[in-house]
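# What the coordinates show
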Amino acid sequence: MDPTYFNQDEKLQVVSLTRSLLRLVGESVSVDDVNAVHRIIRTGVESGLYRRDKYGINPVTRSLKTALLLAESVAPDRNMTIAILLYNLCKSNCVTEDEIASVFGGDTAKLVNGLNNVSQLYRKQAALADDNFHKLLLTFAKDIRVIIIMIVDRLALMRCINHHPDEKFVKDISAESRYLYAPLAHRLGLYKIKSELEDLSLKYLNRKVYTQIAHKLNETKEQRDKYVDDFIKPIKAALDGSGLKYEIKGRTKSINSIWNKMKKKDVDLNGMYDLFAIRIIIDSAQQKDEKKDCWVAYSVVTDIYTANISRLKDWISIPKSNGYESLHITVKGNNDKWVEVQIRTKRMDEIAEKGLAAHWKYKGLKSEGDLDVWMNSVREVLEAGSKGPMELIRGINMNLYEKEVFVFTPKGDLFKLPMGSTILDFAFHIHSKVGSTCIGGKVDGRNQKLNYKLKSGDTVEILTASTQTPRLDWLNFVVTSKARNKIKQAVNEARVKKAEIAKEMLQRRFKNRKIEVDEGKMAKLLNKMGYKVATDFYVALSEGKLEVNDIVDQYLDLCAKLLETSTGTGTTHETAENFVLQTPAADDADNDDILVIGNDVKGINYKLSKCCNPIYGDKIVGFISSDGAIKVHRADCGNLRHLRSKYPYRIIRSQWSGKLGKQFAATLRVIGQDDIGIVANITSLINKEGDTMLRNITINSNDGLFQGYLVVGVSSISVLDDLIKKIKNLKGVKDAERIKQ
């Protein structure tokens, strides 16, 4: 190998580590496997593809330490060992997954692929303390053995970074170990690895506290050892007499555990009474005898020392849901010191200490639903296996979160959404405003549409535009309830706003045409047009699907029909009776056909338009409405100008034919001084006129002036003009005029 790649110490380490590893893996790794791995590593080193990382750590010695630690702390396994040694070479493109599969088998390549997948997550700059990262890690790994390798590798790394010159690197690695890898190790029952990870994390993150506790423990070591020996001595004698096969150990609790208890109980080290614990491990002849043997040992201990019954923890009669089995008692030893004694069988101890016993709920860690069932299946496989634990857990399903997808923001924040979620779902998950203005997104740097379905591990940047608003068709592809509810809410709010604007516009048009709207009749019109909800009608009006003047005309038509129905006549009292199209005489051949109104013609019904209320003598024009009826407008009617420009082919020249003997409604506006009796004078004048009738009067006064609106019935325009002149001549009247609409 390249002599510049290894220093002398590293060369010796490689030789020593290789020998130790080969001794532990034994016959599970063949000579051909060893030669093939050695050849690939040499090629990577000599080609310059397998070099120290940016922190100066040699990947060859690190991978050897990881493989050795796996064999020592978990189990020796051929495929996992080879995957550990070759993973970095595959990541460096020195060897491909296909080549690994062809030489070492598909299972080894699968493990390398899982390690490669997980390494991608670290490029996301994610917040590793996030619970979602744990779930995403399990999703990406696809194989429980990949998680085990990562945990073991992290411990190997933690062991070699003490006093590393890059303090930030050390603190980052330690924080990851505390928040990610130690809890994972605990969940898998790798208790020793978990404890060492926590101790080393405390050492690197708070070296002062760690050193103080370590020194204090060292100072009292001799005294503690003597106390443990004195405590154990009578127990050993009694157990020897019971006929049980056993092993008894005394251990000091981890520094991190001691520190946590000191903080929890707010005491110093001198106030801690349970710095150490005694463990009795019984070698039962048969599994059916385990419970009985443990209770025999319990009787031996409690016969010698006084037990604190309130602290008895019986996980033998009813094991923990994670499979943990043990009997814990606390007894008062010499000098009134409390000592915890754990009693378990060899099988129980092996599962709790070294096996994958789903130990994750121990110490009060919370459950995660399906993960509970899955971890119990791991425990059952391990307990039932005969070919070794790593061989049996190959087929265990790792799709724990197949109904969820985990995505990153560009800053590394991690979010969990239901499987099938889109960019738009993610935008609404972040904030309602972000979702409402979302126009798409960038996924791992590539532009994607709103309906792009997210995949676990995607880094998503949401793109927005201030002009964007939610649309109803968005509901066709979003899956989260939040997105659906917010879209519906926003669309409804927009519709209501549109409807309000349209309603105000229509009301303004009615007002301009001096039409008082009856809400009941308006509701009937909407129902007749097929609108069950008023909002739908006004939205259609705002979107230009309906024309305002047409709506006004239809409303007036409806009002006229309702009046006709109530009076039993074909016209109102304000209309003449009939109309015909009369062909002019020969001497009037230049004229078009003219609508002639009179008493002596029969045939086709017409209506006098209520928007301008034409009176006999006004210049008039006919308009053929959508229902076939003809509406008669004054020639100077404002609405007629609009109708003439839009429907010129429906305009009919019209004229009056003789005096009709009917009264027409006309509205007058009178302004004058607010004197007592002036209103009486006006009404008296109108009543004295033989051809007029006062139908309605409205008076408003302000600052000494009055303004009145009078609706009068007159037989012709000449009668109306004469009446206006007479009103103007009354004392106190300043002006009188006909309201032209």
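Residues numbered from 1 in each chain as written. Predicted model: local features only at pLDDT ≥ 70, side-chain atom pairs only at ≥ 80, totals over all residues. Heavy atoms only, no water.

### Observations regarding the overall build of the chain
Going by this rule: Counting from the N terminus, the helices are the DSSP runs of H or I reaching at least four residues and the strands are the DSSP runs of E reaching at least two. Buried, partly exposed and exposed residues are distinguished by accessible area as a fraction of the type maximum, computed with a 1.4 Å probe on protein chains only: under 20%, between the cut-offs, and over 50%, respectively. The criterion used for residue contact is that any of the two residues' heavy atoms lie within 4.5 Å. Only the protein chains shown count as covering a residue, and every accessible area follows the Shrake-Rupley method with a 1.4 Å probe.
Each helix and strand counted, the chain has 26 helices and 21 strands in total. In the chain, which comprises 741 residues, the share counted as buried stands at 48%. Sequence separation of 24 or more characterises 67% of the internal contacts of the chain that already satisfy a separation of 6 or more. Here the chain displays about 37,200 Å² of accessible surface, and carbon together with sulfur accounts for 49% of that area.

### Some points on the pairing of strand 18 (residues 664-673)
Every other side chain in a regular strand lies on the same face of the sheet, so the side chains alternate between the two faces. Convention followed: Any two strands with at least two DSSP bridges between them are considered paired.
Looking at chain direction, strand 18 and strand 20 (residues 705-714) are connected through 10 bridges and run antiparallel. Among the inter-strand pairings, Gln673 is bridged to a residue of strand 20, identified as Leu705. Direction of pairing for strand 18 relative to strand 21 (residues 733-738): antiparallel, over a ladder of five bridges. The partner of Ile671 across the bridge, within strand 21, is Asp735.

### Digging into the state of the cysteines
Cut-off, in case you're wondering: Two cysteine sulfurs form a disulfide in these notes if their separation is within 2.5 Å.
Evaluated as defined, the whole model comprises zero disulfides. Here Cys94 is not cross-linked by a disulfide; its sulfur's nearest cysteine counterpart is in Cys90, at 9.5 Å. You can call Cys94 buried: its relative accessible area is 18%. The thiol of Cys612 is unpaired, and the distance to the nearest cysteine sulfur, on Cys637, comes to 3.8 Å.

### Section: the packing of aromatic side chains
Counted only if it meets this: Side-chain rings of Phe, Tyr and Trp, where Trp is taken by its six-membered ring, are said to pair if the distance between their centres is within 6.5 Å; with planes under 30 degrees apart they count as stacked, over 60 as edge-to-face, and otherwise as tilted. In this scheme, Lys NZ or Arg CZ marks a charge over a ring once it lies within 6 Å of the ring centre and within 35 degrees of the ring normal.
Inspection of the entire model under this criterion finds seven aromatic pairs. Geometrically, the ring pair formed by Tyr55 and Phe169 is stacked, given 3.8 Å between the ring centres and 15 degrees between the ring planes. Taken together, the positions of Tyr55 in the loop between helix 2 (31-46) and helix 3 (59-73) and Phe169 in helix 9 (residues 167-187) put the pair 114 residues apart, joining distant regions of the chain. The exposure class of Tyr55 is partly exposed, given its relative accessible area of 29%. Among the aromatic residues, ring-to-ring pairing joins Tyr531, Phe537 and Tyr538 into one connected group. A cation over a ring is seen here: Lys337 above Tyr227, with NZ or CZ 5.3 Å from the ring centre.

### A few points about the nonpolar core
Put simply, the rule is: Remark: nonpolar core denotes a set of buried residues (Ala, Val, Leu, Ile, Met, Phe, Trp, Tyr, Cys) joined through side-chain atoms within 4.5 Å.
Membership of the largest hydrophobic core comes to 65 residues, with the highest contact counts inside it found for Ile151, Ile161 and Ile193. In terms of nonpolar packing, the next biggest core, distinct from the first, is built from 29 residues, Val632, Ile652, Val712 and Leu723 among them.

### Observations regarding the confidence of the model for the chain
The line we're drawing: As a per-residue measure, pLDDT tells how confident the predictor is, with possible values from 0 to 100.
When pLDDT is averaged along the chain, the result is 79; 80% of the residues meet or exceed 70. Mean pLDDT values over the elements of the chain span from 36, in strand 12 (residues 578-582), up to 94, in helix 18 (residues 423-430). Note that residues 355-371 has pLDDT below 50 and, in this model, 64 contacts with residues that lie over four places away or in other chains. Every residue in residues 379-387 scores below 50 in pLDDT, and together they form 15 contacts with partners more than four places removed in sequence or on other chains.

### Description of the sheet that holds strand 9 (residues 438-443)
How we decide: For helices, the fitted line uses only the C-alpha atoms of the stretch in contact; every axis is such a line through C-alpha atoms, and the angle between N-to-C directions lies from 0 to 180 degrees.
The strand order 10-9-11 describes an open sheet built from three strands, whose pairing is antiparallel. A strand with exactly one partner marks an edge of an open sheet, and here the two such strands are strand 10 (446-448) and strand 11 (460-464). For this sheet, the mean inter-axis angle between neighbouring strands, taken without regard to orientation, is 30 degrees. Relative to strand 10, strand 9 runs antiparallel, the two sharing three bridges. Residue pairing for strand 10: Lys442 is matched across the bridge by Asn447.

### With respect to the packing of helix 10 (residues 191-205) against helix 13 (residues 255-265)
To be explicit about the condition: Roughly parallel refers to an angle under 35 degrees, roughly antiparallel to one over 145, roughly perpendicular to one between 65 and 115, and oblique to any angle outside these ranges. Each residue gets one label: Ala, Val, Leu, Ile, Met, Phe, Trp, Tyr, Cys and Pro are nonpolar, Asp, Glu, Lys and Arg are charged, and the others, such as Gly, are polar.
Running from amino to carboxyl end, helix 10 crosses helix 13 at an angle of 70 degrees, the nearest separation of the two axes being 7 Å. Put simply, helix 10 runs roughly perpendicular to helix 13. Of the residues in helix 13, those touching helix 10 at Glu198, Asp199 and Leu202 are Ile255, Asn256 and Trp259. Split into classes, the residues belonging to the contact of helix 10 with helix 13 amount to three nonpolar, one polar and two charged.

### Details of the environment of Ile686
Topologically, Ile686 is positioned in helix 25 (residues 678-688). Along the backbone, Ile686 and Ile727 are 41 residues apart, and their C-alpha atoms lie at a distance of 8.5 Å. Beyond its immediate chain neighbours, meaning those up to four positions away, Ile686 contacts Thr692, Met693, Leu694, Leu710, Val712 and Leu723.

### What about the side chain of Asp199?
We count it as follows: None of His or the chain ends enter the tally, which takes Lys and Arg as positive and Asp and Glu as negative. When a carboxyl oxygen of Asp or Glu is within 4 Å of a side-chain nitrogen of Lys or Arg, the pair counts as a salt bridge.
Considering the arrangement of structural elements, one finds Asp199 in helix 10. Arg178 is the oppositely charged side chain nearest to the buried, salt-bridge-free Asp199, at an N-O distance of 7.2 Å.

### Digging into the sheet that holds strand 20
For sheets, the rule is that strands pair by backbone hydrogen bonds, running either parallel or antiparallel. Here we have four strands laid out as an open sheet, ordered 19-20-18-21, and antiparallel in their pairing. Looking along the sheet, the strands with just one partner apiece sit at the ends: strand 19 (692-702) and strand 21. Within this sheet the neighbouring strands show an average axis-to-axis angle of 20 degrees, counted without direction. Sheet contacts for helix 26 (residues 717-728): strand 18, strand 19, strand 20 and strand 21; angle to strand 21, the most-contacted strand, approximately 165 degrees.

### Description of helix 10
Stated formally: By this rule, a helix spans an expected 1.5 Å times one less than how many residues it contains.
Look at helix 10: 21 Å from first C-alpha to last across 15 residues, which is about the 21 Å you get at 1.5 Å a residue. Within helix 10, 12 of the 15 residues are buried, which leaves the element mostly enclosed by the surrounding structure. For helix 10, the complete set of buried residues consists of Tyr191, Ile193, Lys194, Ser195, Leu197, Glu198, Asp199, Leu200, Ser201, Leu202, Lys203 and Tyr204.

### Side note on the side chain of Asn549
Locating Asn549 in the fold gives a position in helix 23 (residues 548-567). Among residues more than four places away in sequence, those in contact with Asn549 are Arg509, Arg513, Asn639 and His642.

### Some details on the pattern of salt bridges
According to the stated counting rule, one finds 26 salt bridges in the structure shown. We note a salt bridge from Arg347 to Glu325, for which the minimum N-O separation is 3.1 Å. Of this pair, Arg347 sits in helix 15 (residues 346-353) while Glu325 sits in the loop between strand 4 (313-314) and strand 5 (327-332), placing them 22 residues apart in sequence. Arg347 gets classed as partly exposed once you look at its relative accessible area, which sits at 23%.

### Focus on helix 13
Test applied: Think of the arc as the fan of directions from the helix axis to the C-beta atoms.
Buried within helix 13 we find Ile255, Asn256, Ile258 and Met262. The buried residues of helix 13 occupy one face: seen down the axis, they fall within an arc of 160 degrees. In the segment just after helix 13, Asp266 is the residue with positive phi, at about 55 degrees.

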